[in-house]
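# Notes for the structure review
This is what each chain is made of:
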Amino acid sequence: DIATPWLEYAYVINEHFKLRLGSRYRQKHAKDPFNSYDNVNMYTSLQYYINSFNAFVTLSYDRLHYKIDDPEQVNWSNEQRKSVITGLKYKLTNHLSFGFNSHFIYNNIEKDNGEDEWYRFEGFVSYRF
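Residues numbered from 1 in each chain as written. Predicted model: local features only at pLDDT ≥ 70, side-chain atom pairs only at ≥ 80, totals over all residues. Heavy atoms only, no water.

## Remarks on the overall build of the protein chain
Scanning the protein chain from N- to C-terminus turns up zero helices and eight strands. Ordered by position in the sequence, the α and β elements of the protein chain form the string β-β-β-β-β-β-β-β. Out of the 129 residues belonging to the protein chain, those deemed buried represent 24%. A fraction of 40% describes how many contacts in the protein chain between residues 6 or more apart in sequence connect residues 24 or more apart. Total accessible area on the protein chain stands at roughly 9,100 Å², and carbon and sulfur atoms take up 55% of it. (Helix = DSSP H or I, 4+ residues; strand = E, 2+ residues; numbered from the N terminus. Buried < 20%, exposed > 50% of the residue type's maximum accessible area, 1.4 Å probe, protein only. Contact = heavy atoms within 4.5 Å. Areas by Shrake-Rupley, 256 points an atom, 1.4 Å probe, with all protein chains shown as cover.)

Listed below in structure tokens is the structure:
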């Protein structure tokens, strides 16, 4: 079961730029308690639109608390993630678009049990009926 209430404020700066500020609270209750967590997410995003092209950059901060926090079973219970997401999209027709996204994440696990950085790049083609 996943519950995700959120609050977002969007401000249209002008016909080409939009700013979004928001916060989400996500609860995940999995059959396996190792995959159950609560997550608080705060983010800000700047979007640019012109004709059939749009681009965005999003800054995001997540604080995850895993349900199992017994050090005998797992060596983590809280994580902090900071990420930057960027994307470009071109709408070829009303139904067909393509683009590119990137995701840069820094992850820190409590009590110096670990940290890591990872990057993801993806291209996509989207057709909407």
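There is more to say, and it comes next.
## Remarks on the pairing of strand E5 (residues 53-66)
Here strand E4 (residues 37-50) pairs with E5 via 14 bridges, running antiparallel. Looking across to E5, one finds that tyrosine 37 is bridged to tyrosine 66. In this structure, the hairpin formed by E4 and E5 is closed by a connection of two residues, where asparagine 51 is found at a positive phi of approximately 50 degrees. Taken together, the 13 bridges between E5 and strand E6 (residues 78-91) define a ladder with antiparallel strand orientation. Among the inter-strand pairings, asparagine 54 is bridged to a residue of E6, identified as lysine 89. (Pairing = 2+ DSSP bridges.)

## Observations regarding the side chain of serine 97
Examined against the element boundaries, serine 97 turns out to sit in strand E7 (residues 96-109). Residue classification places serine 97 among the buried positions, given a relative accessible area of 7%. In contact with serine 97, other than residues within four places in its own chain, are Lys89, Tyr90, Lys91, Leu92, Phe124, Val125 and Ser126.

## What about unusual backbone geometry?
With a phi angle near 50 degrees, asparagine 51 is a residue other than glycine that sits in the positive phi range. Residue position: asparagine 51 is located in the loop between E4 and E5.

## Structural notes on the pairing of E6
Of the pairings in the sheet, the one linking E6 to E7 comprises 13 bridges and is antiparallel in character. Each residue of the ladder has a partner; that of lysine 89, found in E7, is glycine 99. Two successive antiparallel strands, E6 and E7, enclose a turn made up of four residues.

## Some words on the pattern of salt bridges
In this structure the tally under the stated criterion is two salt bridges. In this structure, the salt-bridge partner of glutamate 8 is arginine 20, at a minimum N-O distance of 2.6 Å. Of this pair, glutamate 8 sits in strand E2 (residues 6-12) while arginine 20 sits in strand E3 (residues 17-28), and the two are twelve residues apart along the sequence. In this structure, the salt-bridge partner of glutamate 122 is arginine 120, at a minimum N-O distance of 3.8 Å. The class for glutamate 122 is partly exposed, based on a relative accessible area of 34%. When its relative accessible area of 38% is taken as the criterion, arginine 120 is described as partly exposed. (Salt bridge = Lys/Arg side-chain N within 4 Å of Asp/Glu carboxyl O.)

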